[in-house]
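What follows is the residue order along each chain.
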Amino acid sequence: MSSFFSDIDPVRFDPEAKGLAFRHYDPDRMVMGKSLKDHLRFAVAYWHSFAADGSDPFGAGTFGRPWFGDTMDDARRKADAAFEMFAILGQPFFCFHDHDVRPEGGSLAENHKRLNEIADIFEGKMAETGTKLLWGTANLFTHPRFMSGGATNPDPEVFAWSASTVRACMEVTHRLNGENYVLWGGREGYESLLNTDMGQELEHYGRFLSMVVEHKHKIGFKGQILVEPKPQEPSKHQYDFDVATVYGFLKRFGLEDEVKVNVEQGHAILAGHSFEHELATARTLGILGSIDMNRNDYQSGWDTDQFPNNVPEVALAYYEVLRAGGLAPGGTNFDAKLRRQSTDPVDLIAAHVGAMDVCARGLLAAAEMIEDDALEAPRRERYAGWESDEAKQMLGSSLSDVADRAEKDDVNPAPRSGRQEIIENIVNRYL
Ligand code: XUL
Ligand code: CO
């Protein structure tokens, strides 16, 4: 067993504690008929916590973990450290890409063999500890073969390689009882329109996603298939730009009842939206699947993947989640990484503990607003005019019928306040 976190005790809920403790996240606390643990369904992202090395475009890695290397022994040591951390945090879910958990082999067959060997280890540790898999995914973006995309690569052999990789990852996710399978198309997009056939790439992408859905049914995988929108980075333009774009794409290929979205805070900000806008869009369209919780820096303009620490923002995000009926079978995956100067084991634990507390505070505030009808009462009042039969009838009639009625009654509506500041003041009482 790895002793990477050996001097760190399991973290408990203790609002009065001086050291490392949950001050707000009491997993068993009941809110709106469910425990906080079941509402939030926290997951650790294997890539950021155990594979990231702290490098940035200007500097080398700073983390120097004892499992860094490209042998299967390193991969086993990494798995030991990961499950050690899950125990300290109270057995959250976890998420992984194939590339995070096993070293790259020289062929598809070798990659799949290695992935399955690590999955055997995960299977044993999951049965022992109770940690579950929120989702699995394939990394179709790091290796140079994917530099022009996976499913949208101009080279059909890369399309084929991607199909084999995704099939292996889906089947491992299924074997580990993963509750979702995610596709994030970081390289499914373009660098330059000058050398890109966008129409053909979109066709291929649609077909690829349809194949994934067909395979899900073929193997009896009951989890959700999720696409994770992001507008750019690493590609200049990604086809899954934001939730609305993904919905249009799903409609086009007839997949809107089969595929949902995994919405990430930082990606929403990169797309020029707020997190709650993206969540509200997904809720309204009926495709909210899961969330990647993190925080983007508002000045830098790139995807910084910091741990969340802004309670007002997180509260509005969970407000949308609760309005959508909750996250399950999705969850709250911390797609977040340590700053490169945070090099100690305890930094990794503290980052998750703080983030779990921030999410708990946000969810508690959101639940209270819902239970008090604090936002829905004024919202209902604002739209109350639409409750009348006359108003409802308009929606079933023609433009001329509505226009004739407006002219006959000589309607002349007076502006009514939207009361934004009053409602913002109401929200502030809950934070
Ligand atoms: C990249 C990102 C990915 C996905 C999984 O920005 O968010 O880590 O969550 O591939
Ligand atoms: Co993500």
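Right above here is the structure, for reference.
Everything numeric here is computed off the predicted structure, so don't read it as measured data.

**Some words on the coordination of the cobalt ion (ligand 2)**
Okay, step 1: Looking at the metal site, the cobalt ion (ligand 2) is ligated by Glu228 (OE), Glu264 (OE), Asp292 (OD) and Asp335 (OD), spaced 1.9 to 2.1 Å from it.
Okay, step 2: Between the six donor atoms coordinating the cobalt ion (ligand 2), the angles at the centre fall across 80 to 171 degrees, so the site counts as octahedral.
Okay, step 3: Here the donor residues of the cobalt ion (ligand 2) share one chain and are spaced in sequence as E-x35-E-x27-D-x42-D. One end of the pair, glutamate 228, is in the loop between strand 8 (224–227) and strand 9 (237–238); the other, aspartate 292, is in strand 11 (residues 288–293), with 64 residues separating them in the sequence.
Okay, step 4: In this structure glutamate 228 comes out as buried when scored by relative accessible area, which is 4%.
Okay, step 5: You can call aspartate 292 buried: its relative accessible area is 0%.

**What to know about the sheet that holds strand 4 (residues 93–97)**
Okay, step 1: Here we have eight strands rolled up into a closed barrel, ordered 3-4-5-6-8-10-11-12, and parallel in their pairing. Averaged over all neighbouring strand pairs, the angle between strand axes comes to 30 degrees, with direction disregarded.
Okay, step 2: Note: strand 3 (residues 42–45) against strand 4, three bridges, orientation parallel. From the neighbouring strand, alanine 45 faces strand 4, where its bridge partner is cysteine 95.
Okay, step 3: Of the strands in this sheet, strand 3, strand 11 and strand 12 (332–334) are in contact with helix 12 (residues 345–371), which crosses strand 12 at around 150 degrees.

**Quick word on the site of ligand 1**
Okay, step 1: Taken together, Trp47, His97, Trp135, Trp184, Glu228, Lys230, Glu264, His267, Asp292, Asp303 and Asp335 form the complete shell of residues around ligand 1.
Okay, step 2: Within the contact set of ligand 1, an oxygen atom lies 3.0 Å away from a side-chain nitrogen or oxygen of lysine 230.
Okay, step 3: Contact with the protein chains removes 94% of the 290 Å² of surface that ligand 1 exposes when unbound.
Okay, step 4: Judged by the proximity of its atoms to the pocket grid, ligand 1 belongs to the largest pocket.
Okay, step 5: For the shell around ligand 1, the class distribution of residues is three nonpolar, two polar and six charged.

Cut-offs and rules
Residues numbered from 1 in each chain as written. Chains lettered and ligands numbered in written order. Predicted model: local features only at pLDDT ≥ 70, side-chain atom pairs only at ≥ 80, totals over all residues. Heavy atoms only, no water. Donors = N, O, S within 2.8 Å, 3.2 Å for Na, K, Ca; no water. Tetrahedral: all angles 85-135°; square planar, octahedral: opposite > 155°, others 65-115°. Helix = DSSP H or I, 4+ residues; strand = E, 2+ residues; numbered from the N terminus. Buried < 20%, exposed > 50% of the residue type's maximum accessible area, 1.4 Å probe, protein only. Pairing = 2+ DSSP bridges. Axes fitted to C-alpha atoms, helices over the stretch in contact; angles between N-to-C directions. Contact = heavy atoms within 4.5 Å. Near = heavy atom within 4 Å. Polar contact = N/O pair within 3.5 Å; in protein donor to acceptor, adjacent residues only side chain to side chain. Areas by Shrake-Rupley, 256 points an atom, 1.4 Å probe, with all protein chains shown as cover. 1 Å grid on protein atoms, 1.4 Å probe; cavity = no way out; pocket = protein on both sides within 12 Å on 5 of 7 lines; lining within 4 Å. Sits in = over half its atoms within 2 Å of the grid points. Nonpolar A, V, L, I, M, F, W, Y, C, P; charged D, E, K, R; others polar.

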